[in-house]
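As a plain string of letters, each chain reads:
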Amino acid sequence: MKTWLLLVLAFAAGLSGMAVAANMNGVLAYISYHLALPPPPAYETVSAYINLGNLTPGESGSVSATAYLYVNSSGYFKIHLHDEGFEHVFSNFTVVITIGNQTITLNLHRDEASVYLIPGNYTVNITVYYTVSMNPHGPPNVTNKPLITIKPAGEHEEGHNNNTSYNNQGDNEQGNED
């Protein structure tokens, strides 16, 4: 009977010791907040349609088209060239995009860039320079595949655009790093 009583007392002492230990490891502070971020830049696009026509191995050429961009609020925008699979079709695929006084060059090795735009209506000139590989392989027909997209850049990307662009005079301009 004594062992039974000793077991009950030991168990009760253990429980009270755990309760004291739990109170000693309590939370010292809590934090709450709501981060109010400005909305991403608003914009609308009118797409350009680029048709390279019938391609033959080794063929080179260029095609130009015009798109329109309407920007309602200032911000950084990421421009992305969707070149997936092009390395099997083209030995050279370069796209030169002019928006306002900024020129961006994208290709098979550099497929995205960021640009800062202020509110306004932009005529976007797009020129594609290409050379078909001598032994191209891939889908034989491509119709209205998205080629270039634009979207607001995430806030963490705004000050970190190490992109080189060229103004209308062909002068090299380095992107700002903040």
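Summary of the structure given here. Predicted model, so just to flag it, every value in this text is computed and none were measured.

**Quick word on the packing of aromatic side chains**
Moving on, step 1. All chains considered together, the criterion is met by 6 aromatic pairs.
Moving on, step 2. Here the aromatic rings of Tyr76 and Tyr116 are separated by 4.9 Å at their centres, their planes lie at 65°, and the arrangement is edge-to-face. Taken together, the residues span a long stretch of sequence, with Tyr76 in strand S3 (residues 75-81) and Tyr116 in strand S6 (residues 112-117) at a distance of 40 residues.
Moving on, step 3. Residue Tyr76 is classed as buried on the basis of its relative accessible area of 16%.
Moving on, step 4. A residue is classified by how much of its surface remains accessible, and Tyr116, at 38% relative accessible area, is partly exposed.
Moving on, step 5. Measuring from ring centre to ring centre gives 5.6 Å for Phe86 and Phe90, while their planes differ by 70°; the resulting arrangement is edge-to-face.
Moving on, step 6. Three or more aromatic residues link up through ring pairs in this structure, and these residues are Phe86, Phe90, Phe93 and Tyr130.

**Focus on the pairing of S3**
Moving on, step 1. Buried residues dominate S3, accounting for 7 of its 7 residues.
Moving on, step 2. The pairing of S3 with strand S8 (residues 148-152) spans 5 bridges and is antiparallel. Across the sheet, residue His80 finds its bridge partner in S8, namely Thr149.

**Describing the pattern of salt bridges**
Moving on, step 1. With the rule as written, the count across this model stands at 2 salt bridges.
Moving on, step 2. Between Lys78 and Glu112 there is a salt bridge, with its nearest N and O atoms 3.7 Å apart. Residue Lys78 is found in strand S3, and its partner Glu112 is found in strand S6; the two are separated by 34 residues along the sequence.
Moving on, step 3. Judged by its relative accessible area of 16%, Lys78 falls in the buried class.
Moving on, step 4. A salt bridge links Glu84 to Lys145; the nearest nitrogen and oxygen atoms lie 3.9 Å apart. Placement of Glu84 in the loop between S3 and strand S4 (90-99) and of Lys145 in the loop between strand S7 (120-132) and S8 is noted, with a sequence separation of 61 residues between them.
Moving on, step 5. Judged by relative accessible area, Lys145 falls into the partly exposed class, the value being 32%.

**Topic: the layout of surface pockets**
Moving on, step 1. Its volume calculated, the largest pocket comes out at about 1,300 Å³.
Moving on, step 2. Lining the largest pocket are 45 residues, and of these Ile50, Phe86, Val142, Lys145 and Leu147 sit closest to its centre.
Moving on, step 3. At the level of elements, strand S1 (43-46), strand S2 (60-71), S4, S7 and S8 are the ones that each hand at least two residues to the lining of the largest pocket.
Moving on, step 4. Here the lining of the largest pocket is built from residues that sort into 29 nonpolar, 14 polar and 2 charged.

Parameters at a glance
Residues numbered from 1 in each chain as written. Predicted model: local features only at pLDDT ≥ 70, side-chain atom pairs only at ≥ 80, totals over all residues. Heavy atoms only, no water. Phe/Tyr/Trp six-rings, centres within 6.5 Å; stacked < 30°, edge-to-face > 60°. Helix = DSSP H or I, 4+ residues; strand = E, 2+ residues; numbered from the N terminus. Buried < 20%, exposed > 50% of the residue type's maximum accessible area, 1.4 Å probe, protein only. Pairing = 2+ DSSP bridges. Salt bridge = Lys/Arg side-chain N within 4 Å of Asp/Glu carboxyl O. 1 Å grid on protein atoms, 1.4 Å probe; cavity = no way out; pocket = protein on both sides within 12 Å on 5 of 7 lines; lining within 4 Å. Points joined across faces, edges and corners; volume = space filled by probe spheres on them. Nonpolar A, V, L, I, M, F, W, Y, C, P; charged D, E, K, R; others polar.

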